[in-house]
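Single-letter residue listing:
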Amino acid sequence: MICRRLSSARLVLMAGASIAAIAMAGAAQAQCVNSGAGTVTDMQGSDTVTCSGLVLGQTISNGSNIFAGATVILAPNSVFSNGQISFAYNIPGVYLNIQDGAHVDQSTILMEGANAFVHLEGALVTNTYVTVSGNDSRIWIHDSNVFGHGIVLSGADSFMDLDQYSTIQIQGSSQTAITGGFGRQVFNLLGAVISPGLALDTGDGDDLISFYGTSFIQGGIEMGDGIDEIIFYDFNQYWENISGAELISIAQDGFWTLGGEATGVTSVQVGDNASLVLAQASEFGDANTVFNLSPGARLFTNNPGTNQTVHGVINGQGSVVVLAGALTLERANTHSGGTRVDGGATLILEHLQGAGTGLLTLDGGAALRIDVDVDGVFSTPLNASSASSVTKSGTGSVTFDNLIFGNFHVEEGTAVFTGTTSFSGPQGLWIEADGRADAFGTLVGDVLNDGAFRPGGAGVATVTLDGDYVQSADGTLEIDFSTGPIIDRLNITGTATLDGTLVLRSLNNTDGSGLTFLTATGGITGAFDDIQTPNGGVPAFVVQTGNDVSTAATLVTLRPSTFNGQAAVTGQAMDGFLGAMSEDAMYA
């Protein structure tokens, strides 16, 4: 519950006391005094009715009179209970002023005429239906509190002001705290609106909701047909869902925290140095939503354990910051202010240009997942901590050129590395069972291959690995050879630990015998368990000589564990090969 400078009498009532038990109990019932001609139930246009003291069961209305204008005043500390203040649709310009300390309870306020003005100044309204339905009307709620039932402001071109010391709070989940109607309504909210259901339902029309100061809204917002807009000023928090707001704007230097979902949003404008924080929202916008980030503007996520999704396009000169949790960006974005992922947070890109055109920074412990099913180039500038990780998932093939990573996992699909690629993390490059890595140029860091590794891709190339190479029993090294003869060559400055499968692929039925394809300066342990030649032809076998592994025309092995059962080797072929090689050169 939000308490806003309530007097002791109001607090007693909120605790459940009857109207007769308030501090002014014992006062005689009072009548409302009409300053002009006529009775309280048959007011004239120039009349002013003032109610003071304890007023029970009274009705104030125009009766049978048709006029423009009238004034009803509930004087300070008065109580108006079980009554009615009602003016028909053909009675414009009525002014209702509920003054400091006045209390309206279990009554009805109905203003159907145009240009009506309801003004609450330090007042308390409980369990009372308030409806202002005339066009060009206004409700001002200053330092006041409305509890129990909501307020209806349904006339076209009408306004509501709720100041920072005021609260509208209802109890029933089927009720709405503030309800609009047809035409345009403007709601300026600085205070608190609390509802277990809807906080605002603006109805149809080109409506505007403006949040100022530290306004607090609990309950959903629904905006109907029309070009609807929400503007956030200063520092605001909103923890429920928004639907139907075509335009959401955060003013310059504003700060807005959204804890719910926002759907049906066409445009989000974030002003200079302003911030939009997605605290708990799992969905924001749709594929047609456009975010425009002004210079210095930031789009944040900061809730651990949540996976939030921005469906639309992010443009402008601002930045995206993932402080905690996971943020998924679905579209190609062009924001130029950069994207930052803090430690423990995750950024998921479902488009290769999802991180925009500015610098993508991965702090220590940050994670980036590139989940794409199409082929392309990752062109976003990258600054990755050695303690960060990048995961390539999805079936697509993604090319990375001259980048420095921390740890890199190829979980699915293909990662293509060109130029000089560094893996500064302790895991280096890990090719998982369903992943593939094609390499060109130089790799700096260790490689663990549980999937498929192909130096030179579908061509023939020399690749330098400045680190250690480990291939598990599930891993595959793919080597191509072609006319020349030439062959892929993997030069390893560290050690090579071999197991699993070697695929020798002839690109044009060339004989690739006697060519070195792997060198490990730090030494070689283990051996390939299986050698495959999917294109047929020779060679079908390999031989290790010191720190080199080369192709051979026949099987060379002294261990049954390295015997390649796919090949039939004649004694004559074996004798010829053994005559050309010393025992130390054989695969041992």
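Residues numbered from 1 in each chain as written. Predicted model: local features only at pLDDT ≥ 70, side-chain atom pairs only at ≥ 80, totals over all residues. Heavy atoms only, no water.

Asker: Can you walk me through the confidence of the model for the protein in this structure?
Answerer: Note that predicted coordinates carrying low pLDDT should not be read in detail. Model confidence for the protein is summarised by a mean pLDDT of 85, while 86% of its residues fall at 70 or above. Within the model, the stretch residues 1–28 combines pLDDT values under 50 with 47 contacts to residues more than four positions away or in other chains. Scored below 50 in pLDDT, residues 554–588 makes 52 contacts in the model with residues more than four places away or belonging to other chains. (pLDDT = per-residue confidence, 0-100. Contact = heavy atoms within 4.5 Å.)

Asker: Whenever I open this one, the nonpolar core confuses me. Can you help?
Answerer: Here is a general trend for soluble globular proteins: nonpolar side chains tend to be buried in one another's company. Core analysis: the largest hydrophobic core is formed by 131 residues, its most contacted members being I60, F87 and L518. Ranked by residues supplied to this core, first place goes to strand β36 (residues 319–329) with four residues. Residues contacting I60, with those up to four places away along its chain left out, are C32, V40, M43, V49, C51, V72, F80, Q84, I85, S86 and F87. (Core = buried A, V, L, I, M, F, W, Y, C linked by side-chain atoms within 4.5 Å. Buried < 20%, exposed > 50% of the residue type's maximum accessible area, 1.4 Å probe, protein only. Helix = DSSP H or I, 4+ residues; strand = E, 2+ residues; numbered from the N terminus.)

Asker: Where do I start with the state of the cysteines in this structure?
Answerer: In protein structure, a disulfide is the covalent linkage between the sulfur atoms of two cysteines. The full count for this structure, using the stated rule, is one disulfide. Each disulfide pairs two cysteine sulfurs, and for C32 the partner residue is C51, the sulfurs being separated by 1.9 Å. Negative torsions about the S-S bond denote left-handed disulfides, and the value of about 110° found for C32 with C51 makes this one right-handed. Residue C32 is located in the loop between α1 (8–14) and β1 (33–34), and its partner C51 is located in strand β2 (residues 48–51); the two are separated by 19 residues in the primary sequence. The pair C32 / C51 is uniform in exposure class, with both members buried. (Disulfide = S-S within 2.5 Å.)

Asker: I would appreciate a short explanation of unusual backbone geometry in the present structure.
Answerer: A negative phi holds for most residues other than glycine; trans holds for most peptide bonds. In this model, G484 is joined to P485 through a cis peptide bond whose omega is -5°. As for its position among the elements, P485 is in the loop between β56 (476–482) and β57 (486–487). With a phi angle near 50°, Q106 is a residue other than glycine that sits in the positive phi range. Within the secondary structure, Q106 is located in the loop between β9 (103–105) and β10 (108–111). For Q106, a relative accessible area of 44% corresponds to the partly exposed category. The phi dihedral of D157 falls on the positive side, at around 55°, and the residue is not glycine. The residue D157 is located in the loop between β16 (151–153) and β17 (158–162) in this model.

Asker: Help me understand the pattern of salt bridges in this model?
Answerer: Once the charged atoms of two side chains with opposite charge are near each other, the side chains can pair. Evaluation of the coordinates by the stated rule reveals nine salt bridges. Of the charged contacts in the structure, one is a salt bridge between D480 and R454, with a shortest N-O distance of 3.0 Å. One end of the pair, D480, is in strand β56; the other, R454, is in strand β53 (residues 452–455), and 26 residues separate them in sequence. Across this residue pair, the class does not change: D480 and R454 are buried. (Salt bridge = Lys/Arg side-chain N within 4 Å of Asp/Glu carboxyl O.)

Asker: What is the right way to look at the sheet that holds strand β54 (residues 462–466) in this model?
Answerer: Working definition: the strands of a sheet are paired by backbone hydrogen bonds and lie parallel or antiparallel to each other. Pairing in this open sheet of eight strands is mixed, and the strands run β45-β48-β51-β54-β58-β61-β65-β64 from one edge to the other. Two strands bound the open sheet, and with one partner strand each, they are β45 (404–405) and β64 (541–545). Sheet topology places strand β51 (residues 441–444) next to β54; four bridges connect them, and they run parallel. By the bridge assignment for β54, V444 is matched with D466. (Pairing = 2+ DSSP bridges.)

Asker: Honestly, the packing of aromatic side chains in this entry has me stumped. Any pointers?
Answerer: The description of two aromatic rings rests on the distance between their centres and on the angle between their planes. This model, assessed by the stated rule, comprises 17 aromatic pairs. Plain terms: the ring middles of F378 and F400 are 5.7 Å apart, the flat faces sit at 45° to each other, and that makes the pair tilted. One end of the pair, F378, is in the loop between β41 (376–377) and β42 (382–384); the other, F400, is in strand β44 (residues 397–401), with 22 residues separating them in the sequence. F400 matches F378 in its accessibility class, with the two residues each being buried. An angle of 90° between the planes, with centres 5.3 Å apart, marks the rings of F417 and F423 as edge-to-face. Under the relative-accessibility criterion, F417 is labelled buried at 0%. (Phe/Tyr/Trp six-rings, centres within 6.5 Å; stacked < 30°, edge-to-face > 60°.)

Asker: Even after reading the chapter, I still don't get the side chain of T421, so can you show me in this structure?
Answerer: Tracing the chain through its elements places T421 in strand β48 (residues 420–423). Using a relative accessible area of 1% as the deciding quantity, one classes T421 as buried. Once residues lying within four places of it in the same chain are set aside, the contact partners of T421 are F400, N402, L403, F405, T442, L443 and V444.

Asker: Would you mind showing me how to read the pairing of strand β13 (residues 129–132) here?
Answerer: On a regular strand, one side chain projects to one face of the sheet and the next to the other, so that they alternate. Side chains of β13 alternate between two faces, with V130 and V132 buried and Y129 and T131 left unburied. Across four bridges, the pairing between β10 and β13 is parallel. Bridge pairing links T108 to Y129 in β13. Relative to β16, β13 runs parallel, the two sharing three bridges. Bridge pairing in β16 links V130 to I151.

Asker: I keep staring at the pairing of strand β60 (residues 501–506) and nothing clicks. Help me out?
Answerer: Of all six residues in β60, six are buried, a share of seventy percent or more. Of the two faces of β60, the one lined by T501, V503 and R505 and the one lined by L502, L504 and S506 are each fully buried. Sheet topology places β56 next to β60; six bridges connect them, and they run parallel. Paired with F481 across the bridge in β60 is S506. Here three bridges tie β60 to strand β63 (residues 530–532), and the two strands are oriented parallel to one another. The residue bridging L502 from the neighbouring strand is I531, located in β63.

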